[in-house]
Amino acid sequence: MGCCSSASSAAQSSKREWKPLEDRSCTDIPWLLLFILFCIGMGFICGFSIATGAAARLVSGYDSYGNICGQKNTKLEAIPNSGMDHTQRKYVFFLDPCNLDLINRKIKSVALCVAACPRQELKTLSDVQKFAEINGSALCSYNLKPSEYTTSPKSSVLCPKLPVPASAPIPFFHRCAPVNISCYAKFAEALITFVSDNSVLHRLISGVMTSKEIILGLCLLSLVLSMILMVIIRYISRVLVWILTILVILGSLGGTGVLWWLYAKQRRSPKETVTPEQLQIAEDNLRALLIYAISATVFTVILFLIMLVMRKRVALTIALFHVAGKVFIHLPLLVFQPFWTFFALVLFWVYWIMTLLFLGTTGSPVQNEQGFVEFKISGPLQYMWWYHVVGLIWISEFILACQQMTVAGAVVTYYFTRDKRNLPFTPILASVNRLIRYHLGTVAKGSFIITLVKIPRMILMYIHSQLKGKENACARCVLKSCICCLWCLEKCLNYLNQNAYTATAINSTNFCTSAKDAFVILVENALRVATINTVGDFMLFLGKVLIVCSTGLAGIMLLNYQQDYTVWVLPLIIVCLFAFLVAHCFLSIYEMVVDVLFLCFAIDTKYNDGSPGREFYMDKVLMEFVENSRKAMKEAGKGGVADSRELKPMDMLLFLFVCLPITWMAEFLSQLRPPSIKASGASSA
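The rules we used
- Residues numbered from 1 in each chain as written.
- Predicted model: local features only at pLDDT ≥ 70, side-chain atom pairs only at ≥ 80, totals over all residues.
- Heavy atoms only, no water.
- Helix = DSSP H or I, 4+ residues; strand = E, 2+ residues; numbered from the N terminus.
- Buried < 20%, exposed > 50% of the residue type's maximum accessible area, 1.4 Å probe, protein only.
- Contact = heavy atoms within 4.5 Å.
- Areas by Shrake-Rupley, 256 points an atom, 1.4 Å probe, with all protein chains shown as cover.
- Axes fitted to C-alpha atoms, helices over the stretch in contact; angles between N-to-C directions.
- Parallel < 35°, antiparallel > 145°, perpendicular 65-115°, else oblique.
- Nonpolar A, V, L, I, M, F, W, Y, C, P; charged D, E, K, R; others polar.
- Phe/Tyr/Trp six-rings, centres within 6.5 Å; stacked < 30°, edge-to-face > 60°.
- Salt bridge = Lys/Arg side-chain N within 4 Å of Asp/Glu carboxyl O.
- Core = buried A, V, L, I, M, F, W, Y, C linked by side-chain atoms within 4.5 Å.
- Pairing = 2+ DSSP bridges.
- Disulfide = S-S within 2.5 Å.

A count of helical and extended segments in the chain gives 19 helices and eight strands. Going through the 685 residues of the chain one by one, you find that 45% of them count as buried. Contacts in the chain between residues at least 24 apart in sequence constitute 73% of all its contacts with a sequence separation of at least 6. Accessible surface computed for the chain: about 35100 Å², of which carbon and sulfur atoms make up 67%.

Right, here's the structure in full:
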């Protein structure tokens, strides 16, 4: 189970031949058993909360005296008005529903069980009394009879705050909620800080409601554009790469030239009529321009040298994108992977939220300072929600890791099948079958490692948000540094995990062995890792920008013709955010395919040379790249195969201090959680 091994075992592993798709065995079984036990614990939490009555209290609701609405209740000791029969009173009604506690996120009001919600506004106590007499629904405290509503001096305390807003029951949860959303204006303003008055909020919401058909159509447009881009990107990858190269060259040369021009202009400007103070400022600016110009020149020279070294490796990125397009043609179900993953995540999140709500209403009744009943858990069980939070992270990461393993298994099957006509009928389903039969333990272990890093980072982020404005500069710096380091570690582990899953899909080895084997392959190909993670990621980023801009432009044109509302900024923002989310999900699958293809290519070139008995598995496009690399090596007088592996220590340093930071920065700029961070690389050509 451990990741550490002796030097002898490491040496044996380095000599072990990769046997793609030949042997298949179960991996990391103890971790699968641990994950199953953890899921049983999650089920116990849900069952415990339901068994203690939390489900009934959540769905049916309960009043301030601990009575569940819509049923007979048991008398609670020392608590007045408890144990009442509310069989005919099925709805929870708040005397002051607009009195919100924004800090604790609850309604600060007495809750009663009533027979019906007031569908119309009640302006006076006479209206409240009339409503009770006609509908049989008493809206004042149980101690006050309807005939006493207008005569009792306690009516101002025991009856609802006037005017009583019109309300309607929330479906499935039996709470009377005000129909007019202005009741929650303060709460909305606390969540939406840019809203300064209720009229703005009303116009924004009315704009969304009026344009809901357009929003839905534009969301479908972004979905279609993402799928189309995944098909055609193989044909435009070469153009995008050269456009990127030209822009980088022009940008660096232009920026450096402007700085030198400003320096020369500032140096030639007359200084006879300026004061000594102005002269000193001019000299400081001149010195700063000189430093900037020299720095830009050094940066440009270094950039050109790097591009000169990597210019031939860009061809590998183009070839991988081309082959990735072929993969999607042979494996069309890959396009739908984001749907299945999203659907599984939504189902789990719904379950998790429902269980969390159950936990919020479970426990024993306790009388608070106001004399009302609250339900709280005492003893060790009060920490169940911590277990529940860990489950949210681990199982979510497990679902995302299953997607990575499924994609890796399908692409590995495609790559290492020489005759593509012999591919399984549905490689995706075959990959899912292998995942369930053999590799769930590996996925559980990899996702648990990510969870171990993510939990302390989230705790530190919570502490930082709670102490914002209170901590000193040193503490703030330490907190941010720790959060940043944990974030980098998480991205590094995500990077290695994805390649470990690919190695497991190829050779059916356990997680630690696969991670070590993949790491060795990537270190041997550090320069190609840097090329793919810069050029490839930027190409995909341009694709996301293209989809968002196209959807946003279509949205502007359509929304501009709508005259039913005045504010359509919020609908456009919703559409653009959804477009970016969809583009990110789909292109992340494309990126994942490219990363898996690269690791397969690196293994192929390491253990095969094209000779009889050691034929390549790779596609013709990648074969052309290898042949061109060999010709270039021979012309340079070095001979040998394309994937020379000299200077391994330098490759290691480049991999650790250049490739990984580039990967982390690309992930930071693209943000939406893709299930994976960019991985891959290849040996120097």
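There's plenty left to go through after this.
Time to look at the packing of helix α14 (residues 473–507) against helix α15 (residues 511–524). Axis separation between α14 and α15 bottoms out at 8 Å; the angle between their running directions is 105 degrees. One finds that α14 runs roughly perpendicular with respect to α15. Listed contacts from α15 to Tyr-495, Leu-496, Asn-497, Asn-499, Ala-500, Tyr-501, Ala-503 and Thr-504 of α14 are Phe-511, Ser-514, Ala-515, Ala-518, Phe-519 and Leu-522. By residue class, the composition of the contact of α14 with α15 is ten nonpolar, four polar and no charged.

What follows concerns the packing of aromatic side chains. For the structure on display, the rule yields 19 aromatic pairs. Relative to Trp-394, the ring of Phe-35 lies with its centre 5.2 Å away and its plane at 75 degrees, an arrangement referred to as edge-to-face. Note that Phe-35 is positioned in helix α2 (residues 29–51) and Trp-394 in helix α12 (residues 384–415), a separation of 359 residues in sequence. Each member of the pair, Phe-35 as well as Trp-394, carries the same accessibility label: buried. Measuring from centroid to centroid gives 5.0 Å for Phe-416 and Tyr-617, while their planes differ by 75 degrees, and the two rings are edge-to-face. A residue pair is termed long-range when its members are at least 10 positions apart, and Phe-416 in the loop between α12 and α13 (427–466) and Tyr-617 in the loop between α17 (569–607) and α18 (620–635) qualify at 201 residues. Given a relative accessible area of 8%, Phe-416 falls into the buried group. Pairwise contacts between aromatic rings join Trp-31, Phe-35, Phe-38, Tyr-387, Trp-394, Phe-398 and Phe-448 into one cluster.

Glancing now at the pattern of salt bridges. Under the definition given, this model contains four salt bridges. With a shortest N-O distance of 3.3 Å, Lys-454 and Glu-490 are connected by a salt bridge. On the criterion of sequence distance, the pair formed by Lys-454 in helix α13 and Glu-490 in helix α14 is long-range, its members being 36 residues apart. Residue classification places Lys-454 among the buried positions, given a relative accessible area of 12%. Classification of Glu-490 as buried rests on a relative accessible area of 2%. A salt bridge links Glu-524 to Lys-606, with the nearest nitrogen and oxygen atoms 3.4 Å apart. One end of the pair, Glu-524, is in helix α15; the other, Lys-606, is in helix α17, and 82 residues separate them in sequence. Under the relative-accessibility criterion, Glu-524 is labelled buried at 7%. With a relative accessible area of 23%, Lys-606 lands in the partly exposed category. In the salt-bridge network here, residues are joined through shared partners; they are Glu-397, Lys-454, Arg-457 and Glu-490.

Let's shift gears to the nonpolar core. Within the largest apolar cluster, 89 residues are counted, with the highest numbers of intra-cluster contacts made by Leu-334, Tyr-415, Tyr-590, Val-593, Leu-597 and Leu-622. By residue number, the principal contributor to this core is α17, which donates 18 residues. With residues up to four places along the chain from it excluded, the contact list for Tyr-590 reads Met-230, Ile-233, Arg-234, Phe-321, Ala-324, Gly-325, Phe-328 and Leu-540.

Here we take up the pairing of strand β7 (residues 364–367). Remember that side chains alternate between the two faces of the sheet whenever the strand is regular. Here β7 pairs with strand β8 (residues 373–376) via four bridges, running antiparallel. Paired with Gln-367 across the strands is Val-373, a residue of β8. Between the antiparallel neighbours β7 and β8 lie five residues, among them Gly-371 with a positive phi of about 90 degrees.

So, about the environment of Tyr-495. Residue placement: Tyr-495 occurs in helix α14. Judged by relative accessible area, which is 1%, Tyr-495 ranks as buried.

So, about the state of the cysteines. Disulfides are covalent bonds that connect the sulfur atoms of two cysteines. One pass over the structure, following the stated rule, counts three disulfides. With its sulfur 1.9 Å from that of its partner, Cys-69 forms a disulfide with Cys-113. Where Cys-69 bonds to Cys-113 through sulfur, the torsion about that S-S bond is close to -80 degrees, and the disulfide is left-handed. A residue pair is termed long-range when its members are at least 10 positions apart, and Cys-69 in the loop between α3 (54–60) and β1 (91–94) and Cys-113 in strand β4 (residues 111–114) qualify at 44 residues. Note on Cys-113: relative accessible area 1%, which makes it buried. Note that Cys-140 is cross-linked by a disulfide to Cys-159, the S-S spacing being 2.0 Å. In this structure, the disulfide formed by Cys-140 and Cys-159 twists by about 110 degrees around the S-S bond and is classed as right-handed. Note that Cys-140 is positioned in the loop between α4 (125–135) and α5 (155–158) and Cys-159 in the loop between α5 and β5 (167–169), a separation of 19 residues in sequence.

Cis rather than trans, the peptide bond between Leu-162 and Pro-163 has omega equal to -10 degrees. With respect to the helices and strands, Pro-163 occurs in the loop between α5 and β5. Here the phi dihedral of Asp-28 falls at roughly 50 degrees; this positive angle occurs in a residue that is not glycine. The exposure class assigned to Asp-28 is buried, which follows from its relative accessible area of 10%. The backbone phi angle of His-174 is positive, close to 55 degrees, even though this residue is not glycine. Turning to its location among the elements, His-174 is positioned in the loop between β5 and β6 (176–178).

Functional significance is not addressed by these values, which are geometric in nature.
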